[in-house]
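Architecture at a glance
Listed here are the chains, written in short residue letters.
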Amino acid sequence: MASIFEATTVNGMTLANRLVRSATWEGMCDPDGRPTARLADCYRDLARGSVGLIISGYTFVRPDGKQLPGKMGLHTGGFIGDLGRVVEAVHGEGGRLCIQLVHAGGQTRAQMAGSQPIAPSAVKVDQFPETPRAMGEDDIRQVVAAFGAAAGRAKEAGADAVQIHAAHGYLACQFLSPLTNRRTDAYGGSIDHRARFLLEVLAAIRQSVGPGFPVLVKLNGADFLPGGLELADAVAVAGLLDQAGIDAIEVSGGTPASGMMIPVRTDILEPGQEAYHLDLARAVKERVRCPVMVVGGFRSYDVVARAIEREGIDYVSLARPFIREPDLARRWQSGDHAPARCISCNGCFGPGLKEGGIACIQERQQGQKKG
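So, a few notes on the structure that sits alongside this text. (Residues numbered from 1 in each chain as written. Predicted model: local features only at pLDDT ≥ 70, side-chain atom pairs only at ≥ 80, totals over all residues. Heavy atoms only, no water.)

Regarding the nonpolar core
Counting 104 residues, the largest nonpolar core has Ile99, Phe197, Ile205 and Ile249 as its most contacted members. Counting residues per element, this core draws most heavily on helix 4 (residues 137-156), at 8 residues. Within the second largest apolar cluster, 13 residues are counted, among which are Val10, Leu216, Met293 and Tyr315. (Core = buried A, V, L, I, M, F, W, Y, C linked by side-chain atoms within 4.5 Å. Buried < 20%, exposed > 50% of the residue type's maximum accessible area, 1.4 Å probe, protein only. Helix = DSSP H or I, 4+ residues; strand = E, 2+ residues; numbered from the N terminus.)

Some details on the packing of aromatic side chains
Tallied over the full model, the rule gives 4 aromatic pairs. Aromatic side chains Tyr58 and Tyr170 sit 5.5 Å apart centroid to centroid with 55 degrees between the ring planes, which places their arrangement in the tilted category. Taken together, the residues Tyr58 in the loop between strand 4 (53-55) and strand 5 (59-60) and Tyr170 in the loop between strand 9 (161-166) and helix 5 (171-176) connect sequence positions 112 residues apart. According to the relative accessible area criterion, Tyr170 is buried, its value standing at 9%. (Phe/Tyr/Trp six-rings, centres within 6.5 Å; stacked < 30°, edge-to-face > 60°.)

Quick word on the pattern of salt bridges
In total, this model carries 22 salt bridges according to the counting rule given. A salt bridge links Arg48 to Glu93, with the shortest nitrogen-to-oxygen separation between them at 3.0 Å. Placement of the pair is Arg48 in helix 1 (residues 37-48) and Glu93 in the loop between helix 2 (80-91) and strand 6 (97-102), with a sequence separation of 45 residues. On the accessibility criterion, Arg48 (38% relative accessible area) is partly exposed. For Glu325, the salt bridge identified is with Arg331, shortest N-O distance 3.0 Å. Judged by relative accessible area, Glu325 falls into the buried class, the value being 1%. (Salt bridge = Lys/Arg side-chain N within 4 Å of Asp/Glu carboxyl O.)

A short note on the packing of helix 7 (residues 196-209) against helix 8 (residues 231-243)
Two quantities define a packed helix pair, namely the angle between the helix axes and the distance between the axes. With their axes 11 Å apart at the nearest point, helix 7 and helix 8 run at an angle of 25 degrees to one another. On the basis of the axis angle, helix 7 is roughly parallel to helix 8. Once helix 7 is placed against helix 8, the crossing between them reads as right-handed. Contacts from Leu198, Leu199 and Leu202 of helix 7 reach helix 8 at Val237, Leu240 and Leu241. In terms of residue class, the contact of helix 7 with helix 8 is built from 6 nonpolar, no polar and no charged. (Axes fitted to C-alpha atoms, helices over the stretch in contact; angles between N-to-C directions. Parallel < 35°, antiparallel > 145°, perpendicular 65-115°, else oblique. Left-handed = near helix turned anticlockwise from the far one by under 90°. Contact = heavy atoms within 4.5 Å. Nonpolar A, V, L, I, M, F, W, Y, C, P; charged D, E, K, R; others polar.)

Now the structure itself:
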């Protein structure tokens, strides 16, 4: 029987346990996306806390794919040395670092992207701040190539893996969704066609990094939007990715327009509210041979253990709990199985947007009271 604290491998990458730090925006990079010492310290703390795999904040592959300030970029070779120092900080504590690669597509603003946002189709939907420009085939080829080039830079910097962000309404997810993809060419229509962009991104990355370097994907099991990506199509995409040689699939769900079903739900205060994407992950797991990760409101040790030991999920991902407790994995491994202290208030994003760096507002307020 699988257990949380056992070593595993993903395409040659050895992980000390089955706990994954899922990607989140940190806001700790320079305005142009250059990684900083502050980001290195953040990941060092996670590695020191015994997180099995650290997935970086979503890293833009081209400047027009940037969404928020302080977001990391890997669109230029000039950042390889800086990212290398971040990797060294993680490796110095025995950790593993996977770089998540993304293009925001229509889910950004011209002010941040530097030009009119691009998307599969020029549609105005709730998840898009502005009406984007529909991508031509040259645009598609160039963005696909940008993913491949960014993955090559991540490998050169010493990262242990890369992950394609195809969830939460970003560009790859926009191609998968009938709501945002109204194309009638080879990239639209049937799910096989809507998956073409993502499969081409995977192929470009694999050509760049080679067969022995782990390539993961974060995939929506559902968008939870009328007319959006649904589970049956997501499972079909997972099968196509598995056939194409993906090394692991992290299952999530929702977009910023999904109401109560957004990816970062609030007020998760009891075990019954946790693991809200587990059903989606189980459906994907039944379809694929590669390892499956699941993210979505995990807070309790017993809920995590059950997903791994009884549900057959290979890895459990957490994001907000690790913001408040970078040493949560080490605490659980020591025998202290009290739930994560995160109360899912989403206050961690507020200070970051205002002050340049994600932080737990609950810990900050408690510190101020003690002071």
